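An overview of the molecular structure
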Amino acid sequence: RRRLANSIADLRACMEFMKTKSVTDRNAIYSHSAGAIAACGALDLADAVILESPFVDLVDAMRDASHPLTQHEHDEFGDPDDRGDYAVMESVCPMTRIQTMTEPSRRLPTLVCAGKHDTHVNKDAIKRFSRAMNGVLWEDAYTGHLPETAEELEMVRAGTHAFLIDAMDK
């Protein structure tokens, strides 16, 4: 469970290293699903972010015993009924973290992609997160954990890359 905090620290270190060593003067973050946990821990270092099918409401999702993935995910993220696990989950949860973000961080060019048929993540939480970030919400039939075809995946990638090119060009 401490791996969650380590993932955030690792991403932050990589982004800071790239700027310090002049590898790049601008950074963008692209994440999928639970990768949003690390991504949202480094938003202050990014110039743009794309969150595809993001798992943004870790604390509430892990409390929902009716969701088929919850028990399986306890192994990775912890049990919210355990105080130690809960403290870690709350500290890395994107929905919790966004409450403490400053206004300039909330103006970060943000694309949040949600699949209409994706049952792995909470679409209401994704919409709330996108609104809180003043982000662009892209909801379609193709985005998600299980795109049907390679063509659908390519269509999603084309859209996310177009957003990134536009965001980084400003």
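Refer to the structure above for everything that follows.
In this report, we go over the structure that sits alongside the text. (Residues numbered from 1 in each chain as written. Predicted model: local features only at pLDDT ≥ 70, side-chain atom pairs only at ≥ 80, totals over all residues. Heavy atoms only, no water.)

Concerning the nonpolar core
Selection criterion: To form a nonpolar core, buried Ala, Val, Leu, Ile, Met, Phe, Trp, Tyr and Cys residues must be joined to one another through side-chain atoms within 4.5 Å. The cut-offs for exposure are 20% and 50% of the maximum accessible area for each residue type, with area from a 1.4 Å probe on protein chains only; residues under the lower value are buried, those over the upper are exposed, and the others partly exposed. Helical segments are the DSSP runs of H or I of at least four residues, strand segments are the runs of E of at least two, and each set is numbered from the N terminus. Contacts were defined at the residue level, with two residues in contact if any of their heavy atoms lie within 4.5 Å.
Ranked by size, the top nonpolar core spans 36 residues in total, and within it Ile37, Leu58 and Phe129 carry the most contacts. Those elements that place two or more of their residues in this core are helix H1 (2–20), helix H2 (35–40), strand E2 (48–52), helix H3 (58–63), helix H5 (83–92), helix H6 (94–98), strand E3 (110–115) and helix H8 (123–132). Broken down by element, the residue count for this core peaks at 5 residues, all from H2. Aside from chain neighbours lying at most four places away, what touches Ile37 is Leu4, Ile8, Phe55, Leu58, Phe77, Val92 and Pro94. If you look at the next biggest cluster of nonpolar residues, it comprises 6 residues, including Ile50, Cys113, Phe163 and Ala167.

Remarks on unusual backbone geometry
Unlike most non-glycine residues, Ser22 shows phi in positive territory, near 55 degrees. Mapping Ser22 onto the fold places it in the loop between H1 and strand E1 (28–32). Notably, Ser33 is not glycine yet its phi reads approximately 55 degrees, a positive angle. If you trace the backbone, Ser33 turns up in the loop between E1 and H2.

Topic: a nonpolar patch on the surface
Test applied: For patch building, the residue pool is restricted to those with more than 30% relative accessible area and no salt bridge; the joining distance is 9 Å between like charges and 5 Å between nonpolar side chains (Val, Leu, Ile, Met, Phe, Trp, Tyr). Surface accessibility in these figures is a Shrake-Rupley result with a 1.4 Å probe; residues are shielded only by whichever protein chains are displayed. We count a salt bridge whenever a side-chain nitrogen from Lys or Arg sits within 4 Å of a carboxyl oxygen from Asp or Glu.
A surface patch of nonpolar side chains, about 280 Å² in accessible area, is lined by Phe17, Met18 and Val23. Here Val23 lies in the loop between H1 and E1.

A short note on the packing of aromatic side chains
Stated precisely, the cut-off is as follows: Only Phe, Tyr and Trp rings take part, Trp by its six-membered ring, and two of them pair if their centres are within 6.5 Å. Stacked means planes under 30 degrees apart, edge-to-face means over 60, and tilted covers everything else.
Taken as a whole, this structure holds 1 aromatic pair when the rule is applied. Summarising the aromatic geometry, the rings of Phe55 and Phe77 are spaced 5.4 Å apart at their centres and angled 55 degrees between planes, so their arrangement reads as tilted. In this pair, Phe55 sits in the loop between E2 and H3 while Phe77 sits in helix H4 (residues 70–77), placing the two residues 22 residues apart along the sequence. The exposure classification of Phe55 matches that of Phe77, with both residues buried.

Some remarks on the pattern of salt bridges
Under the counting rule described, the total for this entry stands at 7 salt bridges. A salt bridge links Arg63 to Asp60, with the shortest nitrogen-to-oxygen separation between them at 3.3 Å. With Arg63 and Asp60 both in helix H3, this residue pair falls 3 residues apart, about one helical turn. Asp60 sits in the partly exposed class, given a relative accessible area of 43%.

A short note on the pairing of E2
Filter applied, for reference: Note on pairing: two strands pair once DSSP finds at least 2 bridges between them.
Within E2, 5 of the 5 residues are buried, which leaves the element mostly enclosed by the surrounding structure. Every second residue of E2 is oriented toward a common face, with Ala48, Ile50 and Glu52 on one face and Val49 and Leu51 on the other, all of them buried. One ladder, built from 5 bridges, connects E1 with E2; its direction is parallel. For Ala28, the partnering residue across the bridge sits in E2 and is Ala48.

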